[in-house]
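Structural description and commentary
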Amino acid sequence: MTYYDIVVVGDELAGAVAAALLARRGYRVLVLCSPPAESETLAGHRFPRAPLALAGWEGHTFKRLLTELNLLQPLRRRLVAHHPGYQVILPEHRIDVGEDLEREVARELPEDVGHLEAWIAAAQPVNAMLDTVLMNEVLLPPESFWDRRDLKRIATQLPRDEAGLLATLPPGRPIRSLLSLPVGFAAHVKDPGGIAHARLGEQYRTGTWGIEGGREALRALLYERVQSAAGEVRHDLVRGLVTKRGRVVGVGVGDKSQTVGCELVVGAASAAELLALYPDEPSHKLRQAAAHAPAAWRYQLHFVAPVSALPDPLASLAYIVRDPAAPLYGGNALMLHVSEGHGQTVTLTVEALANDVSPAGLAALRASIQGTMTWLFPFLDRHLMAVWSPHEARPPETQGPEPLPGASDAPSPGGTPRAPEPLWSFEAPELGICGLPYTLGVKGLVLASRQILPSLGLEGELAAGWGAARIAGMRHKRRDIDKGIIPADL
């Protein structure tokens, strides 16, 4: 039986962060994850699988991680700054959010200038306090008595009334959509609160960057760091966890009875997925954590069109609101990633937040999105070459005067439809941003997923990976080699 200090099971980005940190700190680490996803292509045209807008990457959470893993410069070379940071398209306004936001709002929404100033004044102290928490390396969510004591001492300065914090952005007003849309699409919770708005809203307001390959490229960078530190990344089938006297001591892999032994398992998956792998009677904490069902989902729909069919002022990252007074869900509020296509084409990747992912619900959502895109670009439907969603079994729709060559005869890109990404909901989350704890009442098992700090989006995933690595290091003290016992002739 092969033996490792720590085995990371799953595909979550937080788990990749934990694996890279632990491997660099000298632990023998094995990552068991899915193989790289097949490219979703159609007639030579590649669809972005998980486009990513990086915001706040120059903050403390990012720099602490990137510096330790020596990833600061490699990542910097791959990033492309968005100019503007993002764009918000309203029924009567098109606003570029960047360095001149105050001037843009004064020109387009003069009645909301005061609301913008009040929001910035309220959000900046919250950001400063969260920076203090992260800079002091306080574990979020807290695990021990000492973690809670340190956090309580610092967190008393955070606003307790999140509704009051959001009151500076009146519901239904265009300024609310302007600052709330990036938060709603970046967080991994449904209806993020005031503190999440303050953190993510300020990060997006101060600039965004794109990275080719999106989340998959970022995860691949982290796996490279695991392997460069003598760790391993394997794509074996995980049959389940192996326990002994209530403690996780290994992972069953492969089609046969092969077992990988370890001191500790880091679960880079949802609590429900870990419960499915656990062979014994689960603890109350694990059962309770796994009971959290998704509250909403992210749905993707790709449009392929000629470059000439799009207006020149369209930004690389844009948010579309058809009715600011209506809920920012479904086809009413969309996030739009614009990426280069094949030849003279461009791909528009649209994301929407869905409450119903049944086949009928997705079909209705698809129709609503197409209606909003037609409302936004009145002549786009005349030029569309293909429309396809990775979450539906239906083949790509080809239309327009010049459909994508060979698209009508090509199989559906990506093969089997993949499930939409879930969004979670937690009652009274600690500090307004925390979700599940790292430990779930099972010895030898630590959680590292987006369910830990779901309200902080990508930053929360990185912080959760750092926290899981810290806990794993405390639970398993690495034994230093005593060089005095090594024979001299070796």
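Remember, it's a predicted structure, so these values are computed and weren't measured experimentally. (Residues numbered from 1 in each chain as written. Predicted model: local features only at pLDDT ≥ 70, side-chain atom pairs only at ≥ 80, totals over all residues. Heavy atoms only, no water.)

With that settled, consider the packing of helix α8 (residues 174-186) against helix α9 (residues 194-205). Running from N to C, α8 and α9 cross one another at 105 degrees; their axes reach a closest spacing of 9 Å. By the criterion of interaxial angle, the relationship of α8 to α9 is roughly perpendicular. Each of L179, S180, P182, V183 and A186 in α8 lies in contact with α9, whose residues at this interface are A196, H197, L200, G201, Y204 and R205. Looking at side-chain class alone, the contact of α8 with α9 contains seven nonpolar, three polar and one charged residues. (Axes fitted to C-alpha atoms, helices over the stretch in contact; angles between N-to-C directions. Helix = DSSP H or I, 4+ residues; strand = E, 2+ residues; numbered from the N terminus. Parallel < 35°, antiparallel > 145°, perpendicular 65-115°, else oblique. Contact = heavy atoms within 4.5 Å. Nonpolar A, V, L, I, M, F, W, Y, C, P; charged D, E, K, R; others polar.)

We now examine the sheet that holds strand β9 (residues 208-211). With antiparallel pairing, the three strands of this open sheet are ordered in space as β5-β9-β6. Where the open sheet ends on each side, the last strands, each with one partner, are β5 (53-55) and β6 (79-81). For this sheet, the mean angle separating the axes of adjacent strands, direction not counted, is 40 degrees. (Pairing = 2+ DSSP bridges.)

On the surface, E99, D100, E102 and E117 cluster together to form a negatively charged patch. With respect to the helices, strands and loops of the structure, E99 is situated in the loop between β8 (94-97) and α4 (101-108). Classification of E99 as exposed rests on a relative accessible area of 80%. (Patch = residues over 30% accessible without salt bridge, like charges linked within 9 Å, V, L, I, M, F, W, Y side chains within 5 Å. Areas by Shrake-Rupley, 256 points an atom, 1.4 Å probe, with all protein chains shown as cover. Salt bridge = Lys/Arg side-chain N within 4 Å of Asp/Glu carboxyl O. Lys, Arg positive; Asp, Glu negative; His and termini not counted. Charge placed at Lys NZ, Arg CZ, Asp CG, Glu CD. Buried < 20%, exposed > 50% of the residue type's maximum accessible area, 1.4 Å probe, protein only.)

Structurally, A295 can be placed in the loop between α12 (284-290) and β14 (296-306). Here the alpha-carbon distance between A295 and K190, two residues 105 residues apart in the chain, equals 6.4 Å. Beyond its immediate chain neighbours, meaning those up to four positions away, A295 contacts K190, N355, L423, W424 and S425.

Quick look at the packing of aromatic side chains now. Going through the model one piece at a time under the given rule, you end up with six aromatic pairs. Ring plane angle 90 degrees and centroid distance 5.4 Å describe the contact between Y86 and Y319, whose orientation is recorded as edge-to-face. Within this pair, whereas Y86 is found in strand β7 (residues 86-89), its partner Y319 is found in strand β15 (residues 317-321), the two being separated by 233 residues in sequence. Y319 matches Y86 in its accessibility class, with the two residues each being buried. What links up through ring pairs into an aromatic cluster is the set Y86, F185, Y204 and Y319. Between the NZ or CZ atom of R28 and the centre of the ring of Y4, over which it lies, the distance is 4.5 Å. Here K190 stacks its cationic end above the ring of Y329, 5.5 Å away from the centre of that ring. (Phe/Tyr/Trp six-rings, centres within 6.5 Å; stacked < 30°, edge-to-face > 60°. Lys NZ or Arg CZ within 6 Å of the ring centre and 35° of its normal.)

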